[in-house]
Amino acid sequence: MANLPNLRLYRVGTAAALIVAPLLFLIDNLIHPKEVARGNELEQVRLIADAYTRWQAAHAIGFLAILAFAPAVLGLAFLVRRRRPSYGLLAGALALAGLLGLAAVIAIDGFAWGIAGELSANSPLGPNGAVEVLKDLQGSEWSLIYYLTPAGFIVGMLMLAIGAARDGAVPMWAGALLALAVLMVGTETAIASNAYFIAGAAVFLAGGVAVALPLLRMSDEQFAQGGA
């Protein structure tokens, strides 16, 4: 295993993604305009229209954060499957599929909702017409495939965090912190609260750093073997 090519690249790249992606996600949530619960669509389109550029920028940064986290998923799956091949492969596949779902959700909530907000202020549709567009976006049964897929991210990442901790690749507390972060980030689509978004992003960054540091400290040989 120690003779596998590019081990240092995989190890350092995984650690970097565990830090960079949550950091981008925290920036996204710090600048994100207020999001309100369903049933307040008129207020929501007004809030989006008042901060349209910030709304779109926040979701664009969030989208980049999701892309940046893909190497972390692949690297952790590589690490865990050294000792648990089937488990690591399943966990990595679930987490990666869920990551694709999160990318779809942030595109819908960011770009599509943003356009609805812009239309409320700058088109003949007006606020009431934009509200109908937003309601249709939120209530369409076709959205379920996008909003349910992120469950794979939660399950897969929980498996990877627990697997890495159980194998001794990372401290148990670090795996638990990343698992908590995954639960918070993965449930953001169901909880309309900016305070919750920021808290989840902060825990995500802390969990990412906590798992990244042991990866940076271990040798390439240890990474290839699934931990120390």
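Located above this text is the structure these notes cover.
Residues numbered from 1 in each chain as written. Predicted model: local features only at pLDDT ≥ 70, side-chain atom pairs only at ≥ 80, totals over all residues. Heavy atoms only, no water.

Novice: Pulling in residues and values, what's your account of the nonpolar core?
Specialist: Counting 52 residues, the largest nonpolar core has Leu18, Phe69, Leu76, Leu99, Met157, Leu160 and Leu178 as its most contacted members. Per-element accounting of this core gives the leading share, 11 residues, to helix H3 (residues 52–80). In this structure, Val45, Val131, Leu134 and Tyr147 belong to the second largest nonpolar core, which totals 10 residues. (Core = buried A, V, L, I, M, F, W, Y, C linked by side-chain atoms within 4.5 Å. Buried < 20%, exposed > 50% of the residue type's maximum accessible area, 1.4 Å probe, protein only. Helix = DSSP H or I, 4+ residues; strand = E, 2+ residues; numbered from the N terminus.)

Novice: An account of the packing of aromatic side chains is needed here, citing residue identities and associated values.
Specialist: Under the definition given, this model contains 6 aromatic pairs. An angle of 20° between the planes, with centres 5.3 Å apart, marks the rings of Phe78 and Phe223 as stacked. Here Phe78, found in helix H3, pairs with Phe223, found in helix H10 (residues 220–224); they are 145 residues apart in sequence, far enough to count as distant. By the burial criterion, Phe78 is buried, and Phe223 matches it. A cation sits over an aromatic face here: Arg84 above Tyr87, 5.9 Å from the ring centre. (Phe/Tyr/Trp six-rings, centres within 6.5 Å; stacked < 30°, edge-to-face > 60°. Lys NZ or Arg CZ within 6 Å of the ring centre and 35° of its normal.)

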